[in-house]
Amino acid sequence: MRSRFSGIDDLPVFEASGHQIRFLALAALRPPEAARTRAVVFTRFVAGSETESRAVSTWDALCRMDEIGFWITPLADSARAFLEWLDRIPKLQLSYSNLDEAVTFIRNLVRA
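All figures in this text were calculated on a predicted structure; none of them were measured in a lab.

Analysis parameters
- Residues numbered from 1 in each chain as written.
- Predicted model: local features only at pLDDT ≥ 70, side-chain atom pairs only at ≥ 80, totals over all residues.
- Heavy atoms only, no water.
- Helix = DSSP H or I, 4+ residues; strand = E, 2+ residues; numbered from the N terminus.
- Buried < 20%, exposed > 50% of the residue type's maximum accessible area, 1.4 Å probe, protein only.
- Contact = heavy atoms within 4.5 Å.
- Areas by Shrake-Rupley, 256 points an atom, 1.4 Å probe, with all protein chains shown as cover.
- Salt bridge = Lys/Arg side-chain N within 4 Å of Asp/Glu carboxyl O.

1. A few points about the overall build of the chain
A tally of helices and strands in the chain yields three helices and five strands. When its helices and strands are written in sequence order, the chain yields β-β-β-β-α-α-β-α. Counting all 112 residues of the chain, 17% fall into the buried class. Nonlocal contacts in the chain, meaning residues at least 24 apart in sequence, comprise 67% of its contacts between residues at least 6 apart. For the chain, the exposed area adds up to about 8800 Å²; of that, 56% sits on carbon and sulfur atoms.

2. Let's talk about the pattern of salt bridges
As enumerated under the stated definition, the model contains two salt bridges in all. Between Arg 64 and Glu 67 there is a salt bridge whose closest N-O contact spans 3.7 Å. With Arg 64 and Glu 67 both in helix H1 (residues 58-67), this residue pair falls three residues apart, about one helical turn. Classification of Glu 67 by relative accessible area gives partly exposed; the value is 45%. Arg 80 is paired through a salt bridge with Asp 77; the nearest N and O atoms lie 3.0 Å apart. Here Asp 77 and Arg 80 lie together in helix H2 (residues 76-88), a separation of three residues that amounts to about one turn. When its relative accessible area of 44% is taken as the criterion, Arg 80 is described as partly exposed.

Okay, here's the thing in structure tokens:
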């Protein structure tokens, strides 16, 4: 990561579910209005593994989001809209050990 994000060691460290995490600064203050979600991708670094992806169910995606502390407004309409959105889009697990391959996978997904 340091080769791609030189200032990563200077970012604040947060604790989440027993893991230390850092958030990279966004390149833009707000996303382009034409942007749309292509997929939800859960990444996992696995030393020595091949880069591979597999589809995950909506339930598995919700469980993964719960693990990382994801939160939505607890109003019925918001929750319903979120679940309908999540059910419609692809949800993938991407395992990798080669960061360049993972980046290529994401770039190809965004271009699709």
